[in-house]
Amino acid sequence: MFRYVHYEVTCALLAVCAALVSAGVVFGVEGAPETPGGVGRAIALGLTYLVLVAGFGVLTVSRIKWFGEGRDFDKAVPLQEPAAVLPTRGKEYRNCVNVLLFVFLAASAVGGGLFWERDLALFPLIFASAWSARAWWVSRWERRHGLLLWNGRIRTQPLADDQYLYSSVRQPEGSARDA
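The rules behind these values
Residues numbered from 1 in each chain as written. Predicted model: local features only at pLDDT ≥ 70, side-chain atom pairs only at ≥ 80, totals over all residues. Heavy atoms only, no water. Helix = DSSP H or I, 4+ residues; strand = E, 2+ residues; numbered from the N terminus. Buried < 20%, exposed > 50% of the residue type's maximum accessible area, 1.4 Å probe, protein only. Contact = heavy atoms within 4.5 Å. Areas by Shrake-Rupley, 256 points an atom, 1.4 Å probe, with all protein chains shown as cover. Salt bridge = Lys/Arg side-chain N within 4 Å of Asp/Glu carboxyl O. Phe/Tyr/Trp six-rings, centres within 6.5 Å; stacked < 30°, edge-to-face > 60°. Polar contact = N/O pair within 3.5 Å; in protein donor to acceptor, adjacent residues only side chain to side chain. Axes fitted to C-alpha atoms, helices over the stretch in contact; angles between N-to-C directions. Parallel < 35°, antiparallel > 145°, perpendicular 65-115°, else oblique. Left-handed = near helix turned anticlockwise from the far one by under 90°. Nonpolar A, V, L, I, M, F, W, Y, C, P; charged D, E, K, R; others polar.

**Student:** Quick question: what am I supposed to make of the overall build of the chain here?
**Tutor:** Across its full length, the chain carries six helices and four strands. Counting helices and strands in the order they occur from the N terminus, the chain gives β-α-α-α-β-α-α-α-β-β. Per-residue burial for the chain yields a buried fraction of 37% across its 179 residues. The contacts of the chain with a sequence gap of at least 6 include a subset with a gap of at least 24, amounting to 70%. Accessible area of the chain: about 10900 Å², with a carbon and sulfur share of 64%.

This is the structure we're talking about:
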C-alpha cells in the first residue's frame, strides 16, 4: 500500500532527477543548447510551458467526466482495519519509488538529447510539472475531505471493477501514527 500523494511526489522527484542526469550527460557531451532569442526568452518560454502542463495535470485529477480522476476519489473504499494493512512510518515511501520509470525517463531523455535535439534532455521536467500539480490537487482534496487516499491491493478487502483506491481517516497532527 502506498499513499496516492506520495506516489505523485515521488514520480515528480524521479523526473527531476532524470532531467538532471540526462542534462548532465547530454550537455557534457554536446554542449549547452544555444538560444537565438537569448537565455531569458528560452527560460520564460520553458516556464510558461511547464505552467500549462501543470494545469493539464490538475485537469487529470479534476471531476471532469471521462477525463479527470476526481470522481474516483469519492468512490474510494474505506479501509476496514487501517492499522493492519497500512505501512509503518518509514516504509510508506519505499513502495512509491518506481525505478523503471526513472530508467525510462533518463534513457529516453539521454537518447533524444544525443541523437535528436539537445533540448530533449530536459523533457522529464514536463512530467515533473504535471505530477507535482496532481500531488498538490490531491493533497488539497484529502485535507478538505479529512481522508487519505491509498493505492494497492488488499486480499481481505477486494475492490470492485471501477474502483482502485482505498481511503482512511486522516489522523490529527500529533497522533499515535506520528509518534
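**Student:** Would you take a moment to explain the pattern of salt bridges for this structure?
**Tutor:** Two side chains of opposite charge can pair, provided their charged atoms sit close to one another. Enumeration over the complete set of coordinates arrives at three salt bridges. Arg 63 serves as the salt-bridge partner of Asp 74, at 2.2 Å between the closest nitrogen and oxygen. Placement of Asp 74 in helix H3 (residues 70-74) and of Arg 63 in the loop between helix H2 (39-60) and H3 is noted, with a sequence separation of eleven residues between them. By relative accessible area, Asp 74 is classed as partly exposed at 40%.

**Student:** I tried to follow the packing of aromatic side chains on my own but got confused; where do I start?
**Tutor:** A ring pair, where both rings are aromatic, is described by two values, the distance of the centres and the angle of the planes. Applying the stated criterion across every chain yields a total of six aromatic pairs. Between Tyr 4 and Phe 73, the aromatic rings sit 5.4 Å apart at their centres with planes inclined by 70 degrees, giving edge-to-face as the arrangement. With Tyr 4 in helix H1 (residues 4-30) and Phe 73 in helix H3, the pair connects residues that are 69 residues apart, well separated along the chain. On the basis of relative accessible area, Tyr 4 is assigned to the buried category, the value being 5%.

**Student:** Whenever I open this one, the side chain of Arg 134 confuses me. Can you help?
**Tutor:** Tracing the chain through its elements places Arg 134 in helix H6 (residues 124-145). Given a relative accessible area of 11%, Arg 134 falls into the buried group. For Arg 134, the side chain forms a polar contact with the side chain of Tyr 4, separated by 2.7 Å.

**Student:** Where do I start with the side chain of Ser 139 in this structure?
**Tutor:** Looking at where Ser 139 falls in the secondary structure, it is placed in helix H6. Here Trp 136 takes part through its backbone oxygen, which lies 2.8 Å from a polar atom of the side chain of Ser 139.

**Student:** What's the story with the packing of H1 against H6 in this structure? I'm lost.
**Tutor:** Between two packed helices, both the angle of their axes relative to each other and the distance between the axes serve to describe the pair. Axis separation between H1 and H6 bottoms out at 8 Å; the angle between their running directions is 160 degrees. Looking at the two axes, H1 sits roughly antiparallel to H6. Of the two possible hands of crossing, H1 and H6 adopt the one that is left-handed. Note on element contacts: H6 touches H1 through Pro 124, Leu 125, Phe 127, Ala 128, Trp 131, Ser 132, Arg 134, Ala 135, Val 138, Ser 139 and Glu 142, opposite Tyr 4, Val 5, Glu 8, Val 9, Cys 11, Ala 12, Ala 15, Val 16, Ala 18 and Ala 19. In terms of residue class, the contact of H1 with H6 is built from 16 nonpolar, two polar and three charged.

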